[in-house]
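An overview of the molecular structure
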Amino acid sequence: MSRKIKTLLLSLTPIAVYFIIEILVSCGCTFTGMIGMTAVSGTVFGNWLSGFLEQEGLYLISILAYLIFFVIGVFWYKRMRAGGKYPVWNQQKNLNLSVLLKLAVLGIFVQFAISFLLNLVYIVRPDLMQNYTKVMESLGSGNPSLFSVFYVVITAPIVEEMLMRGLCLVILRKEFPCWVANIIQECYFGMIHLNLVQGVYAAFCGLYLGWVMERFATLKAPIMAHMAANMAIIVLTALSFQF
C-alpha cells in the first residue's frame with residue numbers, strides 16, 4: 001500500500017472517531033432521557049422537561065458530542081504539532097486583531113455569495129431547497145434559541161475546524177501538496193453534513209477555510225472565519241423566514 005493511500009485512510013480516522021462519538025452520545029442521552037422522563041412523567045417538572053428536550057435536546061446532544069471530540073482533538077492536534085512532521089505550520093503568519101476582523105468580514109462575504117447561489121438553486125430545483133430548508137429549521141434558524149445559536153456560531157465552528165482543518169487537512173499535507181489536500185478535505189467537509197445542498201455549499205466554504213489555514217498556519221484563523229459565516233447563516237435564514 002502506497003504512502004499516499006495510507007495517508008488518505010489515516011485522514012479519515014478523525015471523521016470516524018467523530019461519528020462514533022456522536023452515535024454513542026446520542027444513544028446514551030436517549031437512553032438516559034427515557035429513564036429520566038419515566039421517573040418524572042405526569043409531574044409539572046416532567047411536562048416542562050419534555051417540552052424543553054423536544055425543542056433543545058438535539059442541540060444539547062450535539063454540543064456534548066462536540067465537546068467530547070474537542071477534548072480528544074486537542075490532544076491529537078498537539079501531538080501532531082509536537083512531532084514536527086507536518087508542513088502546515090512551517091510558515092506561521094502573524095495573526096492580529098485587524099487580520100481576524102478581515103477574516104470575519106471575508107467569511108461573511110463568502111456566506112452571502114453562497115446564499116446568492118442557493119437562491120439560484122431554488123429557482124431551478126425547488127425540491128432540493130425544500131429539504132435544505134427543513135434542515136435549517138431543525139437547526140433553529142427560523143426561530144433561533146440560545147442553545148441553537150451557541151451550537152451553530154460557537155461550538156460547530158471550533159470543533160469542525162479542529163476536525164477538518166486541524167486534523168484531516170494537516171494529516172493530508174504530510175503526503176499531498178497544498179491544493180490537493182485542500183480539495184480532499186473540502187470534499188470530506190461537504191460529505192459530513194449529510195445533505196446535498198448543505199454539503200455542496202459546505203464544500204465551497206471548506207475550500208476557503210482550508211486556504212485560510214494554509215495561509216496563517218493556525219486554527220484561530222479558520223475558526224474566526226467559520227464563526228462569522230455561521231452567524232451570517234443565522235441572520236440571513238431568520239430574515240428569510242420573516243419574509
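Residues numbered from 1 in each chain as written. Predicted model: local features only at pLDDT ≥ 70, side-chain atom pairs only at ≥ 80, totals over all residues. Heavy atoms only, no water.

Turning our eyes to something else, we now look at the overall build of the protein. When you go through the protein residue by residue, the secondary structure sums to 8 helices and 0 strands. Within the protein, the fraction of its 243 residues that count as buried is 45%. Residue pairs at least 24 apart in sequence account for 80% of intrachain contacts in the protein once pairs closer than 6 positions are excluded. For the protein, the accessible area works out to roughly 13,200 Å², and carbon and sulfur atoms hold 71% of it. (Helix = DSSP H or I, 4+ residues; strand = E, 2+ residues; numbered from the N terminus. Buried < 20%, exposed > 50% of the residue type's maximum accessible area, 1.4 Å probe, protein only. Contact = heavy atoms within 4.5 Å. Areas by Shrake-Rupley, 256 points an atom, 1.4 Å probe, with all protein chains shown as cover.)

Let us now look at the nonpolar core. Formed by 38 residues in total, the largest nonpolar core has its most connected members in Ile 15, Phe 69, Leu 163, Met 164 and Tyr 188. Counting residues per element, the ones that place at least two in this core are helix H1 (3-40), helix H2 (44-83), helix H5 (146-172), helix H6 (178-191), helix H7 (196-216) and helix H8 (220-242). Once residues within four sequence positions are removed from consideration, Phe 69 is found in contact with Pro 14, Val 17, Tyr 18, Ile 21, Val 159, Leu 163 and Leu 167. Counting 15 residues, the second largest nonpolar core, distinct from the first, contains Val 197, Tyr 201, Cys 205 and Ile 233. (Core = buried A, V, L, I, M, F, W, Y, C linked by side-chain atoms within 4.5 Å.)

Here we take up the side chain of Ser 145. Examined against the element boundaries, Ser 145 turns out to sit in the loop between helix H4 (126-138) and H5. Residue contacts for Ser 145: discarding those within four places in its chain leaves Gln 55, Glu 56 and Tyr 59.

A few words on the pattern of salt bridges. Summed over the entire model, instances satisfying the criterion amount to 3 salt bridges. Across the salt bridge formed by Glu 175 and Arg 3, the nearest N and O atoms sit 2.8 Å from each other. Of the two residues, Glu 175 is situated in the loop between H5 and H6 and Arg 3 in helix H1; the sequence distance between them amounts to 172 residues. Residue Arg 173 is joined to Glu 214 by a salt bridge in which the shortest nitrogen-to-oxygen separation is 2.5 Å. Of this pair, Arg 173 sits in the loop between H5 and H6 while Glu 214 sits in helix H7; the two residues are 41 residues apart in sequence, bridging distant segments of the chain. (Salt bridge = Lys/Arg side-chain N within 4 Å of Asp/Glu carboxyl O.)

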